[in-house]
Amino acid sequence: MKAHSKSDSLFERASQVIPGGTYGHIAPAAGLPRQFAHFCSSGKGAVFQDVDGNEWIDFMCAYGAVLHGYQHPIIEEVVEIQRRKGAIFNHPNEVVVELAEKLTQTIDFASWSVFAKNGSDLTTWAIRVAREYTKRPLIVKALGAYHGVDAWCDPGIGGRIDSDRSDIVEFEWNNLNQLEDIFKQRKDDIAGIILTPYHHAAFAPSIMPLGDFWGHVRKLCTEHGTLLILDDVRAGWRLHEGGSHRFFNFTPDMSVFSKALGNGYAISACVGIEEIKHAASEVFLTGSCWNDAVAMKAALTSLTITTEKKVSQSVLKKGRFFCEKLESLAKGANFSLKMTGPPSMPYPWFEGDENLFLIQKFCKLASEKGLYFHPHHNWFISDAHDQDSLEKSLQLAGNAFEELRSSNL
Amino acid sequence: MDQTSLQAWAVARSMFKGCMALPEVYKKSTSLKPHNFEANLLSFGKRQDVVFTKKNILKLHKGRVALPEFRFWIKQPFSAFEKIKILLEFGNFIKAKKANLEYLLVLLSTCLEATAVYMNFHPLCVALIGDEEGPIFFFLRNTRSPLLILRRNKNGYWHTQSEVTKEEPRVKFSFASIDVGMQSCLEEVNPLVASALGDYQIEGYLPLMDKVGYCSRVTAKELPLLI
């Protein structure tokens, strides 16, 4: 049993002054292994330490925000230099221009970029740009898709009123008939469709686009003058160095990035096509600390490393190795495990485990061995996962499968 | 269902299930199953001997004096007296607030049944629960047999059940101790904190438990258990 006394004690203190102790996706939600710490202290590469000094081989990568590993030396060096000069001023630092230029060079359809701090800042802004451009109200999204914390899309329950979603329509991922029906009924009202590159809902296996899903969606949007917004916040840079649309071979009108963009420094970006640049300038956008030169330097350096070292291909390859071996280890212990979704951000799914008892048990056993496997969310591979760390993790996971089998006998 | 009817129904159902959880009156208490009767009346049992106005049921919930309708109980005074005795016994049992398993069972049955009613009829809760299916098994940690089961019946209505079936749970909810269970029923613990620190253990399909938990808090806010 790992120690978690300091973690618990901190959480008790937190619960006195923070509603719920901690909140959102990092909250110590029910069903997570009790071994999971509530607070972390440091990280390096593919490993982090919790406040009780326990070391974890990490397969969540700060929920995707860390692509090159914790404390990547080149990024940290650049960040440190900028930090000494300052982060926030009355006016933007020149790095904002450099970063916008870099993004428009990297993303094939992009002719402009804007920046904020969080994915939600810009998914919400992007749908407003679509409304401004089309002068229509309706936004279409996939049922159960996560696009952030704002009232039009958040997965929570509290504080919601009916009007929050009165101009949001949902369809089932991959169900093109449903989507076409929405267009038939509301074609003159639809400002935009916002979708993730593939369906990566929590508590369920990831679903890849079937057939020419993206081709059809693109065609519908083009035919009806609707903007196609790609929410690439979670998947961005883990599928393709040029944006996840390249992985699936289609072209959106706008893409929103965050998470891996800054390798752990808070930044988000929205890029778009030339045609909607004017509309974008009409929709108000600001935040006191959004022109954070430190985070922008981190993003610029991270992007440069990603493109030069072809990091998206690298994490896909590492993920493929890891997922295949893990499935094979599961099979050896008589479990049918499928690592769904792209291998760089796989979601583990035991066949027949709709109520999630088996995956929760497996992740609990794995946590006792220092593996940070999340039972309800897709995992993330970083480029800091080297062969040694992956093989060590597989060996520990193999032991966890054996224990799982013994406990199920 | 208007708010008075919803709350009165929730109180009556929870009293009924609370009484059923009292082991010594189990058989008798089955006759306390509430029925809506005329526009503003609720009868405990089909015999229409113990009949309250909905407003009086809500008075009972607030611990105030409220008598059953004279014109009904005078027709069948003996059976009415038996039922009233059980209801009084239930009230006294709840007020005693003893930290033991029997008490937790009664408390849990009472609170969860009110939540089940809200999940069936409160507009916000109905919308939230949608077509989710149970069952949810409630345990005391390290025990094999559930304390109570919250499930949907074949007509689509949520209700509590003490009989164990062979059905697989969708969610297993375990209290670390009797005290934690009691505090939970009385809304004296923050569910997020309790699950983080291991006072609760919740396994299985958590999105369902999130919704049920929210409904239970809506219920407790509108109908707090006044002890």
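This text follows the structure it describes.
Residues numbered from 1 in each chain as written. Chains lettered and ligands numbered in written order. Predicted model: local features only at pLDDT ≥ 70, side-chain atom pairs only at ≥ 80, totals over all residues.

Student: So what exactly am I meant to see when it comes to unusual backbone geometry here?
Tutor: Across residues other than glycine, the phi torsion is negative in most instances, and most of the peptide bonds are trans. The omega torsion across B:Gly134 and B:Pro135 is 0 degrees, close enough to zero to call that bond cis. Within the fold, B:Pro135 resides in the loop between helix H7 (123-129) and strand E4 (136-140). One non-glycine residue with positive phi stands out, namely A:Ala62, at about 55 degrees. If you trace the backbone, A:Ala62 turns up in the loop between strand E3 (55-58) and helix H2 (73-85). The phi dihedral of A:Lys259 is positive, around 35 degrees, even though this residue is not glycine. As for its position among the elements, A:Lys259 is in the loop between strand E9 (254-257) and strand E10 (268-272). (Helix = DSSP H or I, 4+ residues; strand = E, 2+ residues; numbered from the N terminus.)

Student: Which parts of the structure should I look at to understand helix H1 (residues 3-21) of chain B?
Tutor: Over its 19 residues, H1(B) runs 27 Å from end to end, which matches the ideal 27 Å to within 8%, given 1.5 Å per residue. Counted residue by residue, H1(B) has 15 buried out of 19 residues, so it is predominantly covered. (Expected span 1.5 Å × (residues − 1). Buried ≥ 20, exposed ≤ 12 C-beta atoms within 10 Å, placed from the backbone.)

Student: Explain the nonpolar core to me, please; I cannot follow it from the model alone.
Tutor: Soluble globular proteins tend to pack their nonpolar side chains together in the buried interior. One finds A:Ala126, A:Ile229 and B:Leu108 to be the most contacted residues of the largest nonpolar core, which totals 173 residues. Counting residues per element, this core draws most heavily on helix H6 (residues 101-121) of chain B, which supplies twelve residues. Excluding residues that lie within four positions of it along the chain, B:Leu108 makes contacts with B:Phe138, B:Leu147, B:Leu148, B:Gly181 and B:Cys185. (Core = buried A, V, L, I, M, F, W, Y, C linked by C-beta atoms within 7 Å. Contact = placed C-beta atoms within 7 Å.)

Student: Would you explain helix H12 (residues 387-408) of chain A in this entry?
Tutor: Given 3.6 residues per helical turn, the α-helix brings residues three or four places apart onto the same face. Residue and element names in this part refer to chain A. In a regular helix each residue adds 1.5 Å, so 22 residues correspond to 32 Å; H12 covers 31 Å between its end C-alpha atoms and thus fits that length. Looking only at H12, the buried set comprises Leu390, Ser393, Ala397, Ala400, Phe401 and Leu404. Each buried residue of H12 sits inside an arc of 110 degrees when the element is viewed along its axis, so together they form one side. Counted as exposed and oriented over 90 degrees from the buried face of H12: Asp388, Gln395 and Ser406. Buried residues along H12 sit against E3, helix H10 (311-332), helix H11 (357-367) and strand E13 (371-372). (Arc of directions from axis to C-beta.)

Student: Quick question: what am I supposed to make of the environment of B:Ile178 here?
Tutor: Residue and element names in this part refer to chain B. Inspection of the secondary structure puts Ile178 in helix H8 (residues 178-185). We classify Ile178 as partly exposed; it has 18 C-beta atoms within 10 Å. Expressed as a C-alpha distance, the spacing of Ile178 and Leu104, which sit 74 residues apart in the sequence, is 6.5 Å. Sequence-distant contacts of Ile178, defined by excluding residues within four places in its chain, comprise Ala99, Asn100, Leu101, Leu104 and Leu140.

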